[in-house]
Structures are given as structure tokens and as C-alpha cells.
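Structural features, examined
Here's the letter readout for the chains.
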Amino acid sequence: MKTNFLAEWERMKKAFDNAAKTVQNPDAVTSAYLAVMAKPTGLTPILKDIDAAFGKEQRKPTNEALLKFYGKREPISVLLAKIVPKLTDKALLDATMDLKVDLPALEKAMQT
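In this text, all values refer to a predicted model and were calculated from it rather than measured experimentally. (Residues numbered from 1 in each chain as written. Predicted model: local features only at pLDDT ≥ 70, side-chain atom pairs only at ≥ 80, totals over all residues. Heavy atoms only, no water.)

To continue, consider the overall build of the protein. Broken down by element type, the protein carries five helices and zero strands. In the protein, the succession of α and β elements from N to C terminus is α-α-α-α-α. In terms of principal-axis extent, the alpha carbons of the protein reach across some 50 × 20 × 20 Å. When each of the 112 residues of the protein is scored for burial, the buried share is 37%. Within the protein, contacts between residues separated by at least 24 positions form 76% of all contacts whose residues are at least 6 apart in sequence. (Helix = DSSP H or I, 4+ residues; strand = E, 2+ residues; numbered from the N terminus. Buried < 20%, exposed > 50% of the residue type's maximum accessible area, 1.4 Å probe, protein only. Contact = heavy atoms within 4.5 Å.)

Here it is in C-alpha cells:
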């Protein structure tokens, strides 16, 4: 079973953060979005738990961690979907679209 979900999330978040740093003169919506995305998402400790549980092949802790992940992922996915049409910075839009696609792909990888 694959157990590097945390590393994959960190890669995704780093790519987003790098794109966010390039935004110049953000409008109010972009500034608010960047402020929200700069805060901890809560996914890192959950993904650490998921990796550990998968590594030990423990069903109950894995299921509990997955439920926590789903609860944290959903609001992030909703935010990404709502913000995409409002973004004007191409690099930030591309990074947001990558997160929008990669986050569900990460979830799907957990189910295989």
C-alpha cells in the first residue's frame, strides 16, 4: 500500500505557495484567497496519520484518519472551485487548478 500521501501533499502545497509568491498587485479577492491559503489547512497531521496507519496496515486508524481527511478536504475543494473564475493571475490560476485536480487524485490514490 502506498504511504507517501504527506509528501505528495507537501509537494502540491509547495508548488502552490511558490506560485502565490509571484503574484504582484493582487486585487481584494486574490488577497483574501492568499490569506486563507497561507493558513494551515489541517491536512498535514491527518496525512501523517494516514501514512502511519497504511504503513502498519491498521484498518480502524486508517478509516478514522480518512474520515478526518474527507472533512478537511471538502471545504478546501469548495474554496478552490469558487475562486477559479475570479482569479486573474495566470500562475496563481494554474497552481489553483493543479490543487483542484491533485487533491481529488490524492484521495483516489488512498482508495486503491
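What follows picks up the thread again.
With 14 residues, helix α3 (residues 43-56) extends 20 Å from end C-alpha to end C-alpha; this agrees with the ideal 20 Å at 1.5 Å per step. Three or more residues of α3 are buried, namely Leu43, Ile46, Leu47, Ile50, Asp51, Ala53 and Phe54. Of the surrounding secondary structure, the elements contacted by the buried residues of α3 are α1 (5-21), α4 (59-83) and α5 (90-110). (Expected span 1.5 Å × (residues − 1).)

On to the environment of Lys13, then. By secondary structure assignment, the location of Lys13 is in helix α1. Residue class for Lys13 comes out buried when judged on its relative accessible area of 13%. Sequence separation between Lys13 and Thr41 is 28 residues; the distance between their C-alpha atoms is 10.0 Å.

This part takes up the packing of α1 against α3. Contact pair α1 / α3: the axes reach a minimum separation of 8 Å and the direction vectors enclose 150 degrees. With respect to α3, the element α1 is oriented roughly antiparallel. Two secondary-structure elements touch here, α1 through Phe5, Leu6, Trp9 and Glu10 and α3 through Leu43, Thr44, Leu47, Lys48, Ile50, Asp51 and Phe54. Grouping the amino acids of the contact of α1 with α3 by side-chain chemistry returns seven nonpolar, one polar and three charged. (Axes fitted to C-alpha atoms, helices over the stretch in contact; angles between N-to-C directions. Parallel < 35°, antiparallel > 145°, perpendicular 65-115°, else oblique. Nonpolar A, V, L, I, M, F, W, Y, C, P; charged D, E, K, R; others polar.)

Take the side chain of Thr30 next. Mapped onto the elements of the fold, Thr30 is located in helix α2 (residues 28-38). The residues contacting Thr30, other than those within four sequence positions of it, are Val23, Leu87 and Leu92.

Taken as a whole, this structure holds six salt bridges when the rule is applied. Between Arg11 and Asp102 there is a salt bridge whose closest N-O contact spans 3.6 Å. Of the two residues, Arg11 sits in helix α1 while Asp102 sits in helix α5, which places them 91 residues apart along the sequence. For Asp102, a relative accessible area of 24% gives the class partly exposed. Where Arg73 meets Glu74, a salt bridge forms, and the shortest distance between an N and an O atom there is 3.2 Å. Via salt bridges that share partners, Glu8, Arg11 and Asp102 belong to a single interconnected network. (Salt bridge = Lys/Arg side-chain N within 4 Å of Asp/Glu carboxyl O.)

Turning to the packing of α2 against α4, a few remarks are in order. Put simply, α2 and α4 touch, their axes get as near as 12 Å, and they point 160 degrees apart. Classed by the angle they form, the pair α2 and α4 counts as roughly antiparallel. By crossing handedness, the relation of α2 to α4 is classed as left-handed. Residues Val29, Tyr33, Val36 and Met37 of α2 form the contact with α4, whose own contacting residues are Leu79, Leu80 and Ile83. Of the residues that constitute the contact of α2 with α4, the class distribution is seven nonpolar, no polar and no charged. (Left-handed = near helix turned anticlockwise from the far one by under 90°.)

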